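Working through the structure, step by step
Okay, here's what each chain looks like letter by letter:
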There are 2 protein chains.
Amino acid sequence: MPVAAALAWIDALVATLGSEDVLLDEGAGRVLAEAVVASSDLPATDRAAIDGVAVRADQTAGASAYNPLPFPSVAPGAALPAGGGALVGIGDKLPGGADAVVPLEHVEQRPAGFDVIEGIAAGSGVERRASHWARGDTLLAAGRRLLPWELGLLAAAGIARVRVVRRPRIRCLMVARRDRGSGAALEAPPCDTNGPLLRALIGRDGGFVTEQIPVDRTRASIREALKASSADLIISVGGTGSGADDDAAAALGEAGDIAAHGIALSPGETAGLGRLASGVPVFLLPGMPVACLWAYEFFAGRALRRLAGRNPDLPFQTRRLTTAAKIVSTIGTTEICPVRRLDEQQVVPIASFVAAGLGAALRADGFVIVAAGSEGYPKGASVIVHLRDDSDLSPIHQARGSVS
Amino acid sequence: MPVAAALAWIDALVATLGSEDVLLDEGAGRVLAEAVVASSDLPATDRAAIDGVAVRADQTAGASAYNPLPFPSVAPGAALPAGGGALVGIGDKLPGGADAVVPLEHVEQRPAGFDVIEGIAAGSGVERRASHWARGDTLLAAGRRLLPWELGLLAAAGIARVRVVRRPRIRCLMVARRDRGSGAALEAPPCDTNGPLLRALIGRDGGFVTEQIPVDRTRASIREALKASSADLIISVGGTGSGADDDAAAALGEAGDIAAHGIALSPGETAGLGRLASGVPVFLLPGMPVACLWAYEFFAGRALRRLAGRNPDLPFQTRRLTTAAKIVSTIGTTEICPVRRLDEQQVVPIASFVAAGLGAALRADGFVIVAAGSEGYPKGASVIVHLRDDSDLSPIHQARGSVS
């Protein structure tokens with residue numbers, strides 16, 4: 001199956017999960033299941049935007065250091081007569097009748113009031129009712145992933161709980177070969193690697209692993225483990241190859257429907273996908289860690305990100321850069337080619353995942369995805385690089401030059 | 001104090017915290033306190049890279065469908081005589097004497113062995129010892145923030161715990177004005193907003209809030225709350241203005257040293273910074289939520305990111321875009337101007353934080369930071385835009401075109 005067909009199968013089958021309420025403090029990173037609409041104006045009344053003296057602006061006309069105008073002090077909360085002044089702090093409701101706040105540096109305080117030494121325009125120093133937002137305004141649209149500071153915005157709108165997409169529950173079956181001699185279950189190194197790898201990737205994509213259980217590498221064991229699964233998505237790792245005991249695909253065929261076994265992605269060729277009779281999607285990932293990684297990123301991760309209501313595409317920043325050496329790829333397979341960065345503009349291919357395994361993932365700064373129909377790129381070609389880690393490659397340091 | 005001087009003060013005073021060990025599963029997003037070095041080769045021996053039959057490659061010379069060569073089966077684990085073959089699965093240790101693995105599609109299985117129908121080169125189908133990495137290789141450098149999939153790499157290297165920078169402990173003092181009439185402590189809306197806002201931002205930057213406590217808006221109360229603080233960093237919110245009860249700066253002056261009160265940042269002008277006698281840095285943030293937000297992002301957040309060993313710069317992706325309208329800013333103040341995106345290349349300024357408060361943060365797609373020495377940018381100028389949320393603005397969708 002071509003990669004594009006596998007992605008289309010996922011997109012057709014997998015939709016966003018239902019929703020749940022969470023406390024605002026637990027909302028960061030969650031996806032809004034419905035729009036958040038303001039239930040009141042902010043501010044609810046005109047209020048002071050600065051510390052100062054609330055006045056009627058027209059009464060300050062002509063005030064200057066040479067012509068200080070007296071404003072008798074009015075008690076807090078009382079309505080302001082023409083010519084009166086009331087001391088207010090930032091955020092205080094403006095007294096009735098006031099339409100401006102004179103900053104303290106333009107005021108001299110007297111025992112019974114204030115001398116204003118500079119005229120002021122109506123509206124100055126005032127935050128108007130509904131200037132942040134009005135009742136009925138959509139504050140955040142459904143489908144948005146909540147940013148940290150949006151929690152503050154929602155708190156300001158008096159919101160204590162938000163309705164968000166439920167977190168996908170994932171069951172991981174770690175298919176392990178028994179030792180051929182003793183028959184004892186084998187904790188093969190790929191399992192040790194793939195377990196932490198998948199837990200971390202699933203967490204990044206907004207899901208959580210409800211169970212990660214070893215399963216004997218027999219068709220019956222895998223089939224029964226699949227059937228017993230209650231989850232939003234099932235991932236089975238290992239037993240996807242062409243060996244005598246590679247029974248994961250056959251087991252899925254017996255437990256449900258297999259849509260594909262063998263996908264034209266490298267690494268990841270032996271991946272499979274399908275679903276149980278209940279409709280729960282099942283992804284068969286290769287046991288080799290780099291193949292497990294990429295089959296997850298392309299397929300299982302895409303389904304998970306769709307369940308979670310997130311952008312389903314690969315969760316990497318990309319940059320258009322130039323390759324300083326030829327990138328070679330096999331026609332017919334979508335190939336993930338690790339590259340290193342030479343400088344701000346150029347990358348070079350490094351030893352492939354097939355040759356260097358996890359070492360390629362470690363040494364790469366990014367990845368070029370060469371489409372199935374392409375043989376690669378010549379030296380000097382412009383390529384889209386998926387950045388392994390954007391934090392140290394972002395142009396944020398350049399931007400800092402402007403912060404002063 | 002100019003923004004640049006405040007940043008320099010922070011950079012001179014605040015260094016990365018000490019370290020702690022965490023389990024691999026808790027390592028995602030943490031910063032490595034020391035380099036991770038491989039303690040063994042991976043793979044530790046030559047091993048099968050595919051499912052197939054391990055052979056000596058030179059014995060397959062001349063094999064073809066018309067000239068199948070017989071390889072008597074050798075028991076698993078035994079050394080391989082010239083001309084023998086052993087069935088192996090991906091990841092199996094190569095039997096002694098073998099130097100290649102013939103894929104199953106080039107093998108016909110017989111009761112007592114295998115017929116090989118295609119010749120193979122030495123090394124084919126084999127993962128060489130140390131081809132991923134060799135003992136002593138640095139797998140990840142100190143200071144790296146651990147990506148999810150790097151946890152898999154570390155697991156493959158047999159690592160169960162990693163030494164990471166300790167998470168900064170933050171104490172937040174929420175300075176609240178008592179009601180002038182009753183004297184009852186006032187839970188003003190800015191406090192309700194700033195609490196959730198700061199907890200979310202501090203979490204994003206790798207810290208955690210050990211305490212978030214209301215403090216009476218009096219000099220003595222704030223001073224005593226500052227003195228009683230045991231934390232890596234203290235944030236006090238509110239009481240930073242020029243009003244009669246704006247005593248946060250005076251209180252810090254009594255509890256320790258105040259380095260600046262009033263920083264040329266808009267929003268955020270009334271922010272202050274200093275430290276206790278113990279050396280713990282203290283940030284005084286304005287109570288107005290947008291000013292609190294930006295004074296956090298520029299100053300307190302920078303200190304926190306430094307404590308956590310992260311990139312201290314503003315944690316936003318940036319893009320160089322064109323402004324489709326004039327951006328106006330005041331000379332002498334570093335001003336944060338909210339902008340909206342018109343299309344892939346252009347932004348326009350929208351109502352400022354002063355005019356639209358939190359509404360500006362909600363409606364903006366990004367922010368242009370205009371340096372203190374600049375009056376802004378003319379229409380058509382190239383500007384660096386800090387993106388509020390990169391997830392839906394990244395060029396990842398374009399890149400998807402190449403994934404097929």
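The sections below set out a description of the structure shown in this document. (Residues numbered from 1 in each chain as written. Chains lettered and ligands numbered in written order. Predicted model: local features only at pLDDT ≥ 70, side-chain atom pairs only at ≥ 80, totals over all residues. Heavy atoms only, no water.)

A word on the environment of Thr 138 of chain A
Residues and elements named next belong to chain A. Heads up, the condition is: Comment: elements are numbered from the N terminus, with helices defined as DSSP H or I runs of at least four residues and strands as E runs of at least two. Relative accessible area decides the class of each residue, using a 1.4 Å probe on protein chains only: under 20% of the type maximum gives buried, over 50% gives exposed, and in between gives partly exposed. It only takes one pair of heavy atoms within 4.5 Å for two residues to be counted as in contact.
Tracing the backbone through its elements, the reader meets Thr 138 in strand S11 (residues 138-140). A relative accessible area of 51% means that Thr 138 is categorised as exposed. C-alpha of Thr 138 to C-alpha of Val 37: the two residues are 101 residues apart in sequence and 4.4 Å apart in space. Excluding anything up to four places from it in sequence, Thr 138 contacts Ala 35, Val 36 and Val 37.

Description of the side chain of Asp 205 of chain A
Residue and element names in this part refer to chain A. To be explicit about the condition: Polar contact is the term for a pair of N or O atoms within 3.5 Å; when the atoms are in protein, one must be able to donate a hydrogen and the other to accept it, and sequence-neighboring residues count only if both atoms are side-chain atoms.
Relative to the helices and strands, Asp 205 is located in the loop between helix H3 (189-204) and strand S14 (208-216). You can call Asp 205 buried: its relative accessible area is 2%. In this structure the side chain of Asp 205 is engaged in a polar contact, spanning 2.8 Å, whose partner is the side chain of Tyr 296. The residues touching Asp 205, leaving out its near neighbours within four places in the chain, are Tyr 296, Gly 301, Leu 304, Arg 305, Ala 308, Arg 310 and Pro 315.

Let's talk about the packing of aromatic side chains
The criterion, for reference: The pairing test for Phe, Tyr and Trp rings, Trp by its six-membered ring, is centres within 6.5 Å, and the orientation test on the planes gives stacked under 30 degrees, edge-to-face over 60, and tilted for anything in between.
Taken as a whole and assessed by the stated rule, the structure comprises 19 aromatic pairs over all chains. Summarising the aromatic geometry, the rings of Phe 353 of chain B and Phe 367 of chain B are spaced 5.9 Å apart at their centres and angled 25° between planes, so their arrangement reads as stacked. Placement of the pair is Phe 353 of chain B in helix H7 (residues 353-363) and Phe 367 of chain B in strand S24 (residues 366-370), with a sequence separation of 14 residues. According to the relative accessible area criterion, Phe 353 of chain B is buried, its value standing at 3%. In this structure an aromatic cluster arises from ring pairing among Trp 149 of chain A together with Trp 294, Phe 298, Phe 299, Phe 316, Phe 353 and Phe 367 of chain B.

Description of helix H5 (residues 248-255) of chain B
Residue and element names in this part refer to chain B. Threshold: Working definition: the arc comes from the directions between the helix axis and the C-beta atoms, pointing outward to the latter.
The complete set of buried residues in H5 reads Ala 248, Ala 249, Ala 251, Leu 252 and Ala 255. Looking down the long axis of H5, one finds its buried residues gathered within 160° of arc, a one-sided arrangement. Looking at the buried residues of H5, the elements they touch are helix H4 (219-227), strand S16 (256-261), strand S18 (272-276) and strand S19 (281-285).

Focus: the relation of the copies chain B and chain A
In summary, the two copies of the chain are related to each other by a rotation about an axis coupled with a shift along it. As a reminder, the rule being used: The atoms used to superpose the copies are C-alpha atoms, taken from residues with pLDDT of at least 70 in both, and the fit is least squares.
Of the transformation placing chain B onto chain A, the axial shift is 0.0 Å and the rotation is 180°, giving an RMSD of 0.1 Å. The transformation just described matches what one would write down for a two-fold rotation axis. Considering only C-alpha atoms, the residue of chain B closest to the rotation axis is Gln 317 of chain B, which sits at 4.8 Å. Interface overlap between copies: 99% of the residues of chain B at the interface are likewise at the interface in chain A, consistent with a symmetric, same-surface contact.

Remarks on the interface of chain B and chain A
Selection criterion: By definition, the buried area sums, over both parts, the 1.4 Å-probe accessible area that each loses when the two are put together. For this document, the term salt bridge refers to a Lys or Arg side-chain nitrogen within 4 Å of an Asp or Glu carboxyl oxygen.
Contact with chain B, which involves 86 residues of that partner, is made by 85 residues of chain A. Roughly 7,100 Å² of surface becomes buried between chain B and chain A when both sides are summed, with 60% attributable to carbon and sulfur atoms. Along the contact surface separating chain B from chain A lie 4 salt bridges. Ionic pairing is found between Glu 150 of chain B and Arg 388 of chain A, a salt bridge with its closest N-O pair at 2.4 Å. The tally of links from chain B across to chain A stands at 8 residue pairs in polar contact (both at pLDDT 80 or more).

Some remarks on the sheet that holds strand S19 (residues 281-285) of chain A
Residues and elements named next belong to chain A. Test applied: When DSSP locates at least two bridges between a pair of strands, those strands are taken to pair. Between N-to-C directions, angles cover 0 to 180 degrees, with each direction set by a line fitted to C-alpha atoms, over the stretch in contact for helices.
The 6 strands are arranged S14-S13-S15-S19-S18-S16 in an open sheet whose pairing can be described as mixed. Two strands bound the open sheet, and with one partner strand each, they are S14 and strand S16 (256-261). Averaged over all adjacent pairs, the angle separating strand axes in this sheet is 20°, with direction ignored. Relative to S19, strand S15 (residues 233-237) runs parallel, the two sharing 4 bridges. Bridged to Ser 236 within S19 is Leu 284.

Thoughts on the packing of helix H1 (residues 3-13) of chain B against helix H6 (residues 289-307) of chain B
Residues and elements named next belong to chain B. For clarity, the threshold we go by: Angle categories are assigned with fixed cut-offs, so that under 35 degrees is roughly parallel, over 145 is roughly antiparallel, 65 to 115 is roughly perpendicular, and the rest are oblique. Definitions for this section: a left-handed crossing has its near helix turned counterclockwise from the far helix by less than a right angle. A right-handed crossing has that turn clockwise. Asp, Glu, Lys and Arg are counted as charged, while Ala, Val, Leu, Ile, Met, Phe, Trp, Tyr, Cys and Pro are counted as nonpolar; the rest, among them Gly, fall into the polar class.
Look at H1 against H6: their axes get within 10 Å of each other, and the N-to-C directions meet at 25°. Overall, the two elements H1 and H6 adopt an arrangement that is roughly parallel. Handedness of the crossing formed by H1 with H6: right-handed. For the pair formed by H1 and H6, the contact residues are Val 3, Ala 6, Leu 7, Ile 10 and Asp 11 on the first element and Phe 298, Phe 299, Arg 302, Ala 303 and Arg 306 on the second. Across the contact of H1 with H6, the residue classes break down as 7 nonpolar, no polar and 3 charged.

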